[in-house]
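# A closer look at the structure
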Amino acid sequence: GDDAPTLFAGGGVTPGPEGAQCASRDDQAVLMAPGFMGGVHQCGHSCWGKGACSTTCVQALGMSEGCAACWGGVVGCGAWNCWNTCMFGQESDECKKCGREHCQGEFQACIGAEGVPMPDA
């Protein structure tokens, strides 16, 4: 039917006024598309972790401006808060832990869902 993927069916996050930016069917289709996370990773890399640049880059993957801003924001958050931890490898447990501690709650509230993996950017 026309139901949105269950990811956004009230998964325990109460969106703030800026929340649930990625709940549209179009944004979810982009989010679920193969290669999307790789695209976000490339955006973060090519933008040196800068949020505004990453937002524009993610928007070019086909996402709405509001939803892309959540992804750009989490890239910028990770770069700002975790650069020293993640400088030598985004795959390290320490880097991922730092991202979860500093950025995950805000990111999930922004997009409007829990359980969406954070980009390793």
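First things first, this report covers the structure right here in the doc. The shown structure was predicted, so the numbers you read here are calculated from the model rather than taken from an experiment.

Quick notes on the rules
- Sequence positions are assigned chain by chain, starting from 1 and proceeding in written order.
- Where totals are concerned, whole chains, interfaces and linings use all residues; where local detail is concerned, this predicted model gives features only for residues with pLDDT of at least 70, and gives and counts side-chain atom pairs only at 80 or more.
- As a convention, hydrogens and water are excluded, and side-chain values are obtained from all of the structure's heavy atoms.
- Each Phe, Tyr or Trp ring, with Trp reduced to its six-membered ring, pairs with another whose centre is within 6.5 Å; inter-plane angles below 30 degrees give stacked pairs, above 60 give edge-to-face pairs, and intermediate values give tilted ones.
- Helix numbers and strand numbers start at the N terminus; a helix is a DSSP run of H or I with at least 4 residues, a strand a run of E with at least 2.
- Between N-to-C directions, angles cover 0 to 180 degrees, with each direction set by a line fitted to C-alpha atoms, over the stretch in contact for helices.
- Put simply, angles under 35 degrees are roughly parallel, angles over 145 are roughly antiparallel, angles from 65 to 115 are roughly perpendicular, and the rest are oblique.
- The crossing is said to be left-handed when, going from far helix to near helix, the turn is anticlockwise and less than a right angle, and right-handed when the turn is clockwise.
- Whether two residues are in contact is decided by their heavy atoms, any of which lying within 4.5 Å being enough.
- In these notes, a set of buried Ala, Val, Leu, Ile, Met, Phe, Trp, Tyr and Cys residues joined through side-chain atoms within 4.5 Å is what counts as a nonpolar core.
- With a 1.4 Å probe rolled over the protein chains alone, any residue whose accessible area is under 20% of its type maximum counts as buried; one over 50% counts as exposed, and the rest are partly exposed.
- The arc in question is the one traced by the directions running from the helix axis out to the C-beta atoms.
- Throughout, a disulfide means two cysteine sulfur atoms within 2.5 Å of one another.

### Considering the packing of aromatic side chains
Enumeration over the complete set of coordinates arrives at two aromatic pairs. Judged by centre distance (4.9 Å) and plane angle (75°), the ring pair of Trp 71 and Phe 107 falls under edge-to-face. With Trp 71 in helix H4 (residues 65-86) and Phe 107 in helix H5 (residues 93-111), this pair connects stretches of sequence that are 36 residues apart. Through a chain of ring-to-ring contacts, the aromatic side chains of Phe 36, Trp 71 and Phe 107 assemble into a single cluster.

### Concerning the packing of H4 against H5
With their axes 9 Å apart at the nearest point, H4 and H5 run at an angle of 160° to one another. Taken together, the axes of H4 and H5 lie roughly antiparallel to each other. Crossing hand, H4 versus H5: right-handed. Facing Cys 70, Trp 71, Val 74, Cys 77, Gly 78, Asn 81, Cys 82, Thr 85 and Cys 86 of H4, the residues of H5 in contact are Glu 94, Cys 95, Cys 98, Gly 99, His 102, Cys 103, Phe 107, Cys 110 and Ile 111.

### Focus: the environment of Cys 82
If you trace the backbone, Cys 82 turns up in helix H4. In this structure, the C-alpha to C-alpha distance between Cys 82 and His 102, residues 20 residues apart in sequence, is 8.4 Å. Residue contacts for Cys 82: discarding those within four places in its chain leaves Cys 77, Cys 98, Gly 99 and His 102.

### A word on the nonpolar core
Among the nonpolar cores identified, the biggest contains 22 residues, and Phe 36, Val 58, Met 63, Trp 71, Phe 107, Ile 111 and Val 116 are the most heavily contacted of them. Listing elements by their share of this core, those giving two or more residues are helix H1 (25-32), helix H2 (36-46), H4 and H5. For this core, the element with the highest residue contribution is H4, accounting for seven residues.

### Describing H2
Two residues of an α-helix separated by three or four positions point the same way, owing to the 3.6 residues in each turn. Those residues of H2 not exposed but buried are Phe 36, Gly 39, Val 40, Cys 43 and Gly 44. The arc enclosing the buried residues of H2, seen along the axis, measures out at 140°, which places them on a common side. Exposed and facing more than 90 degrees away from the buried side of H2 are Gln 42 and Ser 46. Downstream of H2 by a residue or two, Trp 48 has a phi angle that is positive, lying close to 55°.

### Description of the state of the cysteines
In total, this model carries seven disulfides according to the counting rule given. Covalent S-S linkage joins Cys 22 and Cys 67, the inter-sulfur distance amounting to 1.9 Å. Because the sign of the S-S torsion sets the handedness, a value of about 105° for the bond joining Cys 22 and Cys 67 places this disulfide among the right-handed ones. Placement of Cys 22 in the segment before H1 and of Cys 67 in helix H4 is noted, with a sequence separation of 45 residues between them.

Worth remembering: the numbers are spatial, not functional.
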